[in-house]
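# Chain and residue survey
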Amino acid sequence: MFDSTAHMLLPQEQLDLISHHERQELQRYRRLALSLLPTAPHISRLMATLGTECELRLETLRTVASELDLEACLGEANPAMGSALAPSCRHFFVVNGTMTSDVLDEALEAAHHSWHFYDALLATNATPELYRPLQAFVRQKRREYQLLEERHGEWQLEARLPRER
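## Focus: the packing of aromatic side chains
Under the counting rule described, the total for this entry stands at four aromatic pairs. Each ring, one from F92 and one from F93, has its centre 5.1 Å from the other, and the planes form 85 degrees; the classification is edge-to-face. By relative accessible area, which is 40% here, F93 ends up partly exposed. Taking 5.5 Å as the distance between ring centres and 35 degrees as the angle between the ring planes, the aromatic pair formed by W115 and Y145 counts as tilted. In this pair, W115 is assigned in helix α4 (residues 97-123) and Y145 in helix α5 (residues 128-160), connecting sequence segments 30 residues apart. There is no split in this pair, since W115 and Y145 are both buried.

So this is what it looks like as structure tokens:
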């Protein structure tokens, strides 16, 4: 028999996990928005919008943490932009279509992971105050994944079409 209580987290642990995850997502979307700006400004705007949604989720989380008197569990309130721009093993700016496709592949994979992260937290949630926010986060992350999947498909199609002169 499966004992679901063995997999439930304390509210403090949930808040810490969610806060950390969402701050990483925010930094990732900010980095993507900036790196895609030279070659794919329309995708850059999408990434910036997704970053703004991360900020809104963090604000929701701060409200819930305040209601639970657990604000200290959220850690750093404003993520440092410096860590969002940390060097990686490739060029910072996306300079061609192949790199754009690779970046979109990675963004799609990360969005899928994030959606399932929140889905797992919702499935094991034992904190009533977190139920509605987690439910909303799952819906938002599913939609985020769908948007990126659509954009990725459009990009693949654009890359195959010959350029008109």
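## Notes on the packing of α4 against α5
Contact pair α4 / α5: the axes reach a minimum separation of 9 Å and the direction vectors enclose 160 degrees. As judged from the angle between their axes, α4 and α5 are roughly antiparallel. Considering only the axes of α4 and α5, their crossing is left-handed. Here the residues of the contact of α4 with α5 are counted per class, giving 15 nonpolar, eight polar and six charged.

## A word on a nonpolar patch on the surface
Taken together, L34, L37, F93 and V95 make up a surface patch of nonpolar side chains, about 350 Å² in accessible area. Within the secondary structure layout, V95 lies in the loop between α3 (81-84) and α4.

## Details of the environment of Y145
Classification of Y145 as buried rests on a relative accessible area of 15%. With 34 residues separating them in the primary sequence, Y145 and A111 have C-alpha atoms 5.2 Å apart. Once residues lying within four places of it in the same chain are set aside, the contact partners of Y145 are L108, A111, H112 and W115.

## Observations regarding unusual backbone geometry
Of note in this structure, D69 is not a glycine but carries a positive phi near 60 degrees. Tracing the backbone shows D69 in the loop between α2 (41-67) and α3.

## Observations regarding the packing of helix α1 (residues 11-36) against α4
The packing of two helices is summarised by the inter-axis angle and the distance between the axes. Their axes nearest at 12 Å, the elements α1 and α4 cross at an angle of 165 degrees. Considered as vectors, α1 and α4 are oriented roughly antiparallel to each other. Handedness of the α1/α4 crossing: left-handed. Taken together, the residues of α4 that come into contact with α1 (itself represented by Q14, L17, I18, H21, E22, E25, R28, Y29, L32 and L36) are T100, V103, A107, A110, A111, H113, S114, F117, Y118 and L121. Per-class residue counts for the contact of α1 with α4 are twelve nonpolar, five polar and three charged.

## A word on the pattern of salt bridges
Scanning the entire structure with this criterion turns up eleven salt bridges. Note that E25 and K141 form a salt bridge whose closest N and O atoms lie 2.9 Å from each other. Taken together, the positions of E25 in helix α1 and K141 in helix α5 put the pair 116 residues apart, joining distant regions of the chain. Salt-bridge contacts for E59 lead to R62; the nearest nitrogen and oxygen are separated by 3.2 Å. Of this pair, E59 and R62 both sit in helix α2, three residues apart, roughly one helical turn. For R62, a relative accessible area of 30% corresponds to the partly exposed category.

## Points about the nonpolar core
Counting 39 residues, the largest nonpolar core has L15, Y29, L36, M47, Y118, L134 and L148 as its most contacted members. Residue assignment for this core shows that the elements contributing at least two residues are α1, α2, α4 and α5. Here this core takes eleven residues from α4, the largest share from any one element. Not counting the four nearest positions on each side in its chain, L15 is found in contact with L61, A65, L68, L70, C73, L74 and L130.

The rules behind the values
- Residues numbered from 1 in each chain as written.
- Predicted model: local features only at pLDDT ≥ 70, side-chain atom pairs only at ≥ 80, totals over all residues.
- Heavy atoms only, no water.
- Phe/Tyr/Trp six-rings, centres within 6.5 Å; stacked < 30°, edge-to-face > 60°.
- Buried < 20%, exposed > 50% of the residue type's maximum accessible area, 1.4 Å probe, protein only.
- Helix = DSSP H or I, 4+ residues; strand = E, 2+ residues; numbered from the N terminus.
- Axes fitted to C-alpha atoms, helices over the stretch in contact; angles between N-to-C directions.
- Parallel < 35°, antiparallel > 145°, perpendicular 65-115°, else oblique.
- Left-handed = near helix turned anticlockwise from the far one by under 90°.
- Nonpolar A, V, L, I, M, F, W, Y, C, P; charged D, E, K, R; others polar.
- Patch = residues over 30% accessible without salt bridge, like charges linked within 9 Å, V, L, I, M, F, W, Y side chains within 5 Å.
- Areas by Shrake-Rupley, 256 points an atom, 1.4 Å probe, with all protein chains shown as cover.
- Salt bridge = Lys/Arg side-chain N within 4 Å of Asp/Glu carboxyl O.
- Contact = heavy atoms within 4.5 Å.
- Core = buried A, V, L, I, M, F, W, Y, C linked by side-chain atoms within 4.5 Å.

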